[in-house]
Every structure is written in C-alpha cells, then in structure tokens.
Amino acid sequence: MRAAGLAGTMLYGAAIVWMYAAQPQTVAEVTGGFTSTIGVYRIDQQAFDDGLAFFRRDQFDEARAALARADPAGRDALTQFYIAYTYYRQGWGRVYNDDALFKSGLAAVDRAILLAPDHRLVVDDAAIGIHTADELRAELQRGLTHDASDFNPLRLIRPRR
Amino acid sequence: MTPLREAFVLPCLFLTVALLGGLRLGADVRLVPPPLIALVLAALLLGSLVRSNVVAPVRLLSQQRSGLENTSGGVLLLAVLAASAQVFNLLTPDTGLLHLLVSVFFLVQLLTTLTAVRDRVSMLRSLAVLLGCAFVLRFIALESLYSPGRGVMKRVMTALMEGITLGALDYVPTGSTTGYVGFLCLSLYLVGLVLMPTMLTADRGGTLVSLGQPAQTDELYRHLPALRGE
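Every chain begins its residue count from 1, and numbering advances along the sequence as written. Throughout, the order in which chains and ligands are written sets their labels, letters from A for the former and numbers from 1 for the latter. Selection of residues for local features in this predicted model requires a pLDDT of at least 70, selection of side-chain atom pairs for listing and counting requires 80 or more, and totals for whole chains, interfaces and linings are taken over all residues.

Q: Honestly, the overall build of chain A in this entry has me stumped. Any pointers?
A: Scanning chain A from N- to C-terminus turns up 7 helices and 0 strands. Listed N to C, the secondary structure of chain A is α-α-α-α-α-α-α in terms of helices and strands. When the backbone C-alpha atoms are referred to their principal axes, chain A occupies close to 75 × 35 × 25 Å. Exposure is read from a count of other C-beta atoms within 10 Å of each residue's own; the residue is exposed at 12 or fewer, buried at 20 or more and partly exposed in between. C-beta atoms are placed from the backbone. A total of 161 residues make up chain A; the buried ones form 30% of that total. Only DSSP runs of H or I reaching four residues or more are called helices, and only runs of E reaching two or more are called strands; each is numbered from the N terminus.

Q: Where do I start with the domain arrangement of chain A in this structure?
A: Residue and element names in this part refer to chain A. For the domain bounds, the source is a domain assignment made automatically or taken from a database. Domain boundaries in chain A define domain 1 (1-41) and domain 2 (43-157). By definition, residues are in contact whenever their C-beta atoms, placed on the basis of the backbone, come within 7 Å of each other. Every contact between the two is made by 7 residues of domain 1 and, on the other side, 4 residues of domain 2. As a working rule, the residues Ala, Val, Leu, Ile, Met, Phe, Trp, Tyr, Cys and Pro are called nonpolar, Asp, Glu, Lys and Arg charged, and the rest polar, with Gly in that last group. For the side of domain 1 that touches domain 2, the per-class residue count stands at 2 nonpolar, 4 polar and 1 charged.

Q: Please clarify how the interface of chain A and chain B should be interpreted in this entry.
A: Note: interface size is frequently given as the accessible area lost on complex formation between the parts. Across the contact, 14 residues belong to chain A and 20 residues belong to chain B. Each residue belonging to the side of chain A that touches chain B can be placed in one class, and the counts come to 7 nonpolar, 6 polar and 1 charged.

Q: What's the story with the packing of helix α3 (residues 45-56) of chain A against helix α5 (residues 77-91) of chain A in this structure? I'm lost.
A: Helix-helix packing is described using two parameters, namely the angle between the two axes and the distance between the axes. Residue and element names in this part refer to chain A. Angular values range over 0 to 180 degrees, each being the angle between N-to-C directions of two axes fitted as lines to C-alpha atoms, with helices fitted over their stretch in contact. At a minimum axis separation of 11 Å, α3 and α5 run at an interaxial angle of 25°. Relative to α5, the element α3 lies roughly parallel. Considering how the two elements wind past one another, α3 and α5 form a crossing that is left-handed. Listed contacts from α5 to F48, G51, L52 and F55 of α3 are T79, Y82 and T86. Across the contact of α3 with α5, the residue classes break down as 4 nonpolar, 3 polar and no charged. Angle categories: roughly parallel below 35 degrees, roughly antiparallel above 145, roughly perpendicular from 65 to 115, and oblique for all the rest. Handedness of a crossing is defined here by the sense of rotation of the near helix relative to the far one, left-handed for an anticlockwise turn of less than a right angle and right-handed for a clockwise turn.

Q: I tried to follow the nonpolar core on my own but got confused; where do I start?
A: The nonpolar core criterion groups buried Ala, Val, Leu, Ile, Met, Phe, Trp, Tyr and Cys residues into a set whenever they are joined through C-beta atoms within 7 Å. Core analysis: the biggest nonpolar cluster contains 42 residues, and F14, V17, A18, A79, A83, V87 and F88 of chain B have the highest contact counts within it. Ranked by residue count, the leading element in this core is helix α4 (residues 67-91) of chain B, at 11 residues. For F14 of chain B, the contacting residues outside a window of four places in its chain are A79, V80, A82, A83 and G192 of chain B. Core analysis: the second largest hydrophobic core is formed by 28 residues, F81, F102, A112 and I130 of chain A among them.

Q: Where do I start with helix α5 (residues 96-116) of chain B in this structure?
A: Three- or four-residue spacings in an α-helix give side chains the same orientation, since the helix completes a turn every 3.6 residues. The end-to-end C-alpha distance of α5 of chain B, which contains 21 residues, comes to 31 Å, matching closely the 30 Å that a straight helix rising 1.5 Å per residue would cover. Check the buried side of α5 of chain B and you find it contacts α2 (36-51), α4 and α6 (120-146) of chain B. A helix is expected to span 1.5 Å for every residue after the first.

Q: Explain the environment of T158 of chain B here, please?
A: Residue and element names in this part refer to chain B. By the secondary structure assignment, T158 is in helix α7 (residues 152-164). With 12 residues separating them in the primary sequence, T158 and Y146 have C-alpha atoms 7.5 Å apart. Sequence-distant contacts of T158, that is, excluding residues within four places in its chain, are made with L145 and Y146.

Q: I would appreciate a short explanation of the confidence of the model for chain B in the present structure.
A: Detailed reading of the predicted coordinates is not advisable wherever pLDDT is low. When pLDDT is averaged along chain B, the result is 84, and 85% of the positions lie at 70 or above. Two numbers describe this predicted complex: its pTM, 0.73, and its ipTM, 0.76. The quantity called pLDDT is the predictor's confidence in a given residue, expressed from 0 to 100.

Q: Before we go on, may I ask you to explain α5 of chain A in this structure?
A: Spanning 15 residues, α5 of chain A covers 21 Å between terminal C-alpha atoms, matching the ideal 21 Å at 1.5 Å per step. Most of α5 of chain A sits out of view: 13 of its 15 residues are buried.

Encoded structure:
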C-alpha cells in the first residue's frame, strides 16, 4: 500500500514539475506531452497527409490547419518541420519577406529541432529545397536579418527553395 | 492515521493544491511557479503548523517507523511545504507594490502566529481567517477594481491610486475562473491540514486522545512505550 502510494505520489509530483516547466496551453498538449514521454504519442496520419497535399499545392493556411490537427500537442518533429516550411514558403518574397510569418516559422523549426532525436532532422522529400531543420532555421534567420545585402539587385532572381 | 490516508489521500490533496495554486486562467493558460518569498512564507507556516500541533512530524518521521514509512512521511511533509508555497503564490498578486505589501503582511502575520498560537484548533481557525481574507482581497476586491469592463468610478479610483503611488500600485487581473480554481485550492488545502495526523497520547483508560497543548507533549513521550506495546 505504502509503496504504491509513494510511487503514485512521485509520478504525480514529476507530472506537476513537467507541467510547470513545459507550460502546456491545451489539454491536447498535456496528454501529448505525457504520451510522448512514454513513447506512445502518434500523430493523425490522415490529417498529416492532407496537410502535405495542401502544402504541395501552395495552400499554406490550409496546410497549417491540417498539420496542426495532425499534431495537436506539437510533439512530432516532422510535422513541426513542415509547419515551419509553410511559414517559410508563404512568407518568402522576391523583394522582401514577411517577418511575422518568418518568426512563426522560426519558432516551429526550433520546436522541430528540440523534438528530433539528437536534435538532428533530415527530411527526404523531393518537393522541398531544404532538407534539414538546421538549414531551414538558418534560411529563416537570414530572412529576418536586415543588412546591406538586402539591397543587392541579384536578390530579385534568387529562387524560392 | 491509516496508510491509505498517509500514502494516497493526503499527498494527492496537497499535490493537487501545488498544481492548482499556480494556475492562472486568463486570456492564456499560465502555470506560475512560486517566487522565493512564497517558499520562505511556506517554511514559516510549516513551522507554525508543527508548533501548534496541526502537523506532527514525529507521526511521519521517527525511529519507530520503517524506512518506507519514513520515506512516505517525508514525501508528505514535502507535499505540505509545496502546497503551502503555492497557496501563498495564489493569494499574492504576481507583481508590483501589491506583491510586496501582501508578502510583508503575510510575513508579519506568520511571525506573530509562530510566536503566539500554540493550539491546533486556534491555529486552523487563524489560518482559515488569514487565507480567507487574503482570498477576498485578491479575487473579489482587486479583481473587481481592475476588471476590464469596470465603470467610471472604479477607473477613476484605480487611476488615483496609481497616481498617488507613481504607478507602482499596478495589478493585472487574472480572470474570474482563476478565482474559482483558487477557492477549490484553498478548500483542499484546509481539508488536507485538518486530516493531517496530530500528536496522540493514551488517557488513563487506555483510549487515544488528542493533545491540544504542546506543554502536554512530555506526557506523550511518557506514554510512548505503552503506545508501542512495550
């Protein structure tokens, strides 16, 4: 009885400490956090496929909605990578980038890096030009930096990746 | 005290208080960890609770208990400390001059209690009044004064107060739902304290009775061998 109570108390205490550290905003984030801790968190594969299809058709708002539905707790590195990529492609501009979208993309790719095993994420997808989370992060950061190279006329012919 | 109460009920109650005490349900959900002053106040409160026989550490940690029992008792004491810290975190405004004023008020009140209150029932009553008053001040008076849809008079009053204190008297309302959660949290905390094991001794007839005054603890130690069946 005492041993079971002690174990239950320890688990409850650890869960409280985790919640204060992670600051979950929704019930889905709480349950997702706990299930991913014990390795049983699964994304909604159908919603993920829908999101990917929207992404490839450049329907970024729709893609984000579907990807957010696929990973409501924000615990899947690959889904967070694609969410970041939607922000990148939507915010990318030949003359200037949308800083607000790039900042959201940076937050999403940071989550992806944090969640990936050993913080390394490589995505084998022919439809995208950036295949690692580190490159995407650097690209987003470059987009948010304002310096003399912004006035380089060659920027107008750079490709969107 | 039954093992069920010591190992399940009380830790669960106090850990729930520790969880809910920092919960702020406003525009977004926040879990606010206790500031340092809340830990200091919690330590003082725990001292007062021990002194007034609301919490009896000897019933939770002693040589007569096994290692597992002592661990369980130690965890319960830690849970009481965490819950106490979160209760102060709940009742103290998060920032500004009001945070300082309420913290100092709690500190003085607890020091007074620590030196003056020796009786379990009086301590519980005193604590209920103290926490109840602080709850009314924060979640009824301040929330009403600083609520977003307040009237002209309230806006003038708060503007005057902020003007007099050169802007230091600032308060960010936490939303009415936080008040309900706070009420539940305080109720659980007080129920948990009432359920805590107290010092017991045997009267002349062999019946276990509660000792109200710490002066009688000597009598307990005289009766301990009898209680242990020696």
